[in-house]
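# Residue-level structure breakdown
Listed below are the residues making up each chain.
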Amino acid sequence: VPVYRVASGDRAIRLADPPGDCFAVANGDSFCPLSFEDLVSFHATRRAIATLAVTEVPDRSRFGSVETAADGAIVGFVEKGPGGRGLVNAGIYILTRPVLDRIPVGIVSLEHDIFPRLLGEGLYAYRTPARMIDIGTPESLEELRRRGME
């Protein structure tokens with residue numbers, strides 16, 4: 001699976017023409033040291049159209065959350081707001097060519113414009129025990145640096 005690291009996956013996907021039928025995208029404002037091999041295996045086993053890496057956090061209010069069925073199928077998304085434990089998007093995705101074909105030319109958000117339209121069509125959540133660090137703020141980027149994970 002080719003890996004593309006991009007700051008804004010949605011826009012860069014439309015600029016790139018990745019080879020093959022399956023490719024990876026990683027958000028540029030988060031860090032999650034998950035097992036990429038396990039993520040790809042999970043995706044392939046479920047014959048998913050798209051797989052999002054998710055991780056559990058003690059307070060989902062800053063991120064919004066992902067709701068899943070027992071088999072990992074994503075059944076819904078909850079916007080930022082409600083607190084408490086929950087699964088959140090870790091910013092790493094395995095996507096297939098049919099997903100790429102659904103992304104219109106222009107600026108779109110995978111999380112808001114594309115993924116909700118894939119509910120019930122083979123959209124899955126791979127649950128990783130790895131901790132996701134949102135490095136979109138100076139404080140959280142500094143935390144990553146303190147841990148020596150640049």
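Heads up: these notes are all about the structure in this document. Treat the numbers as computed from the prediction; the structure is a model and nothing was measured.

Now for the pattern of salt bridges. Under the definition given, this model contains 3 salt bridges. One salt bridge connects Glu 56 with Arg 85, and the closest N-O pair in it is separated by 3.0 Å. Remark: Arg 85 occurs in the loop between strand S6 (74-78) and strand S7 (86-96) and Glu 56 occurs in strand S4 (residues 50-57); sequence separation between them is 29 residues. Exposure remark for Arg 85: the relative accessible area of 53% places this residue in the exposed category. Across the pair Glu 121 and Arg 102 runs a salt bridge whose closest N-O atoms are separated by 2.5 Å. Separated by 19 residues along the polypeptide, Glu 121 in the loop between helix H4 (110-114) and strand S8 (123-127) and Arg 102 in helix H3 (residues 97-102) bring together distant segments of the chain. Taken together, the shared-partner salt bridges connect Glu 56, Arg 85 and Arg 127 into one network.

A few words on unusual backbone geometry. With phi around 50°, Arg 47 is a residue other than glycine that occupies positive phi space. The residue Arg 47 is located in the loop between helix H2 (36-46) and S4 in this model. Looking at Arg 47, the relative accessible area reads 77%, which means it is exposed.

Moving on, we come to helix H5 (residues 138-146). Along H5, the residues classified as buried are Ser 140, Glu 143 and Leu 144. For H5, the angular spread of buried residues about the axis comes to 100°, placing them on one side. Opposite the packed face of H5, turned more than 90 degrees from it, sit the exposed residues Pro 138, Glu 139 and Arg 146. Buried residues along H5 sit in contact with strand S3 (30-31) and strand S9 (133-134).

Here we come to the pairing of S6. Bridge count between strand S5 (residues 65-68) and S6: 4 bridges; the pairing is antiparallel. Each bridged residue has a counterpart across the sheet, and for Val 66 the counterpart in S6 is Phe 77. Hairpin remark: S5 followed by S6, antiparallel, with 5 residues in the connecting loop; positive phi at Gly 72, about 95°.

Definitions and cut-offs
Residues numbered from 1 in each chain as written. Predicted model: local features only at pLDDT ≥ 70, side-chain atom pairs only at ≥ 80, totals over all residues. Heavy atoms only, no water. Salt bridge = Lys/Arg side-chain N within 4 Å of Asp/Glu carboxyl O. Helix = DSSP H or I, 4+ residues; strand = E, 2+ residues; numbered from the N terminus. Buried < 20%, exposed > 50% of the residue type's maximum accessible area, 1.4 Å probe, protein only. Arc of directions from axis to C-beta. Contact = heavy atoms within 4.5 Å. Pairing = 2+ DSSP bridges.

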